Structures are given as structure tokens and as C-alpha cells.
Amino acid sequence: LLLDYSGSSSDGQQLIDVLDHRKSEVTLFVPHNSGFTQNQTLSGRDLEYHISTNHSIRPFKELRHQEVILSRLGFNLTVTYGNNESCKLVNQRLLLEWDIPAVNGIIHVVEAPLTAPAPPVIHSSSRGHAHSSGIASAILVSLLACVLAALGYYLFRHKMDAFRFHYFKNEDEDAAAGGPTKPTLISIPNPLYSGSRAFTEPFGETSSAAEPAEPKEPPNILDLDQ
């Protein structure tokens, strides 16, 4: 059985390696041949269930009532007493022989093979819950990405609007905001054609009082001679 198990799976090969290693210290529960029913066989899990974890040698005299021994399969082997301390059982299988030395441990013979517990079953509801949780997480990540993209677009647009306002606002808005205004234009008249004033008011209508008087006509020289 061990050879078949080692040739069919990597777990079986590891089990053979442990049993062959001289530094292994295990307790092996071997079923008696008479305990097998017709055509009964043992699975790989059953074989793993007959062997304790490494560095766990348990002589017969050290086996205590309700003591738990961890098997290589990961499930517990429970020791109980029968009528007295000399009658000991492992998982309700009577120990027929014990403390048989081995190179890498110790061997106890039980009256019948041990049956490994069934492997744990993952319920479909648990798988469905995990699947739905994964979908919900993906949806949340997508929504977060959309929000970040929208926020980035808004900030980009806001920045561009501020740029256009700063560099392209018209002159009327500058004047309303107290910005620099154009200087007032002043006309400088030609002194040959003006009166006594060197400067006139800015462009615009002037009052009649400010207009220069017309020059008087020169006296007629002929009249003076007369």
C-alpha cells in the first residue's frame, strides 16, 4: 500500500522519505492483518492517519487516558483506557502489540485499520459569498477611479479658465477693477496761431469766454496823413 501511494502522488513520496529518514522520530500504528475485512484497502489519507507527526515518539507506558496525538494528516488520534491501564485503545482500536523498535521511531499494532475523517468541504454558499465580495470590491475600485478622473478633469478645466481670464480680459474690466488707465490727451497749439495762452484745454468744447479776441484792423495810413 505504501509503495502504491508513493508512486501515485507527491504526498506519498514525502511519506516514504520521512519513514526512510533515520532522523525521523514518529509513532506508527500498524493494523493487524486479521483486522482487515475482505477486499478492504486503505487510501492515502488513511495511511497518513496511522502515523504521528515528526518528533513525536509515544511509548506504551506514556500513553495517557484522553491523550491526543496529532497525525500527519492533521487530525487527532485519541488514546483511551479499557478496563485498566494495561488495556489501551487508539480511536477505539485496541493495541495488540506495542513498543516495537524501528530505526526512526516506534511501532504499535492495532486490532483494525484506522479510517481517516472525510476532508473538509467548502460549501457553495461560501464560494458564492467570496465571489460576490470580489465583484463588490471590483465595483468599488471602478467607482473610485471614476471619481478621481472627474475630480482631475474639473481641476484641469478650472485651471484653464483662470489662465484665460488672467491673460485675455478686456480693457474695460481693467478700468473697472482700478487698473491702469490711458493718460489724458493734451493738445499743444502752434504759438504762431494762438493768442497769449500757450496751452489749451484738452480736446473738447470750450466756452466762449475762453476764445481769443479778433485782432483790430490796422489804421489806414492814408487817413493819418489827412
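Just above sits the structure.
Just so it is clear, the model here is predicted, and its values are computed rather than measured. (Residues numbered from 1 in each chain as written. Predicted model: local features only at pLDDT ≥ 70, side-chain atom pairs only at ≥ 80, totals over all residues. Heavy atoms only, no water.)

Side note on the packing of aromatic side chains
Then, number 1: Throughout the structure, instances matching the rule amount to 1 aromatic pair.
Then, number 2: Between phenylalanine 60 and tryptophan 98, the aromatic rings sit 4.0 Å apart at their centres with planes inclined by 15°, giving stacked as the arrangement. Highlighted residues: phenylalanine 60 in the loop between α3 (44–49) and β2 (68–70) and tryptophan 98 in strand β5 (residues 93–102), separated in sequence by 38 residues.
Then, number 3: Among the residues examined, phenylalanine 60 registers a relative accessible area of 9% and is labelled buried.
Then, number 4: Judged by its relative accessible area of 35%, tryptophan 98 is partly exposed.
Then, number 5: Lysine 88 extends its terminal NZ or CZ atom over the ring of phenylalanine 60, reaching a point 4.3 Å from the ring centre. (Phe/Tyr/Trp six-rings, centres within 6.5 Å; stacked < 30°, edge-to-face > 60°. Helix = DSSP H or I, 4+ residues; strand = E, 2+ residues; numbered from the N terminus. Buried < 20%, exposed > 50% of the residue type's maximum accessible area, 1.4 Å probe, protein only. Lys NZ or Arg CZ within 6 Å of the ring centre and 35° of its normal.)

Examining the pattern of salt bridges
Then, number 1: This structure, assessed with the given rule, holds 3 salt bridges.
Then, number 2: Taking the shortest distance from any N to any O, the salt bridge between arginine 72 and glutamate 48 comes out at 3.0 Å. Of this pair, arginine 72 sits in the loop between β2 and β3 (76–81) while glutamate 48 sits in helix α3, and the two are 24 residues apart along the sequence.
Then, number 3: For arginine 72, a relative accessible area of 29% puts it in the partly exposed group.
Then, number 4: For glutamate 48, a relative accessible area of 7% translates into the label buried.
Then, number 5: With a closest N to O distance of 2.5 Å, glutamate 67 and arginine 58 form a salt bridge.
Then, number 6: It is possible to trace a salt-bridge network through shared partners that takes in Arg58, Glu62 and Glu67. (Salt bridge = Lys/Arg side-chain N within 4 Å of Asp/Glu carboxyl O.)

A closer look at the nonpolar core
Then, number 1: Ranked by internal contacts, the top residues of the largest apolar core, which has 13 residues, are Phe29, Tyr49, Ile69, Leu77, Val90 and Leu95.
Then, number 2: Counting residues in hydrophobic clusters, the runner-up holds 7 residues, among them Leu15, Val18, Val26 and Leu42. (Core = buried A, V, L, I, M, F, W, Y, C linked by side-chain atoms within 4.5 Å.)

Focus on the environment of threonine 115
Then, number 1: Residue placement: threonine 115 occurs in the loop between β6 (105–110) and α4 (124–168).
Then, number 2: Separated by 65 residues in the primary sequence, threonine 115 and histidine 50 place their C-alpha atoms 8.8 Å from one another.
Then, number 3: Setting aside its immediate chain neighbours within four residues, threonine 115 contacts Asp46 and Tyr49. (Contact = heavy atoms within 4.5 Å.)

Quick look at the side chain of threonine 27
Then, number 1: Checked against the element boundaries, threonine 27 lands in strand β1 (residues 26–31).
Then, number 2: Within the structure, threonine 27 has its side chain in polar contact with the backbone oxygen of serine 56 (distance 2.7 Å).
Then, number 3: If sequence neighbours within four positions are ignored, threonine 27 has contacts with His50, Ile51, Ser52, Ser56, Ile57, Arg58, Ile106 and His108. (Polar contact = N/O pair within 3.5 Å; in protein donor to acceptor, adjacent residues only side chain to side chain.)

So, the pairing of β5
Then, number 1: As judged from the 2 bridges shared by strand β4 (residues 88–90) and β5, these two strands associate in the antiparallel manner. Of the residues in β5, the one forming a bridge with valine 90 is arginine 93.
Then, number 2: The antiparallel hairpin formed by β4 and β5 contains 2 residues in its connecting segment, where asparagine 91 sits at a positive phi of about 50°.
Then, number 3: As defined by bridge partners, β5 adjoins β6 across 5 bridges and the pair is classed as antiparallel. Among the inter-strand pairings, alanine 102 is bridged to a residue of β6, identified as glycine 105.
Then, number 4: Where β5 folds back on β6, the antiparallel hairpin that results is connected by 2 residues. (Pairing = 2+ DSSP bridges.)

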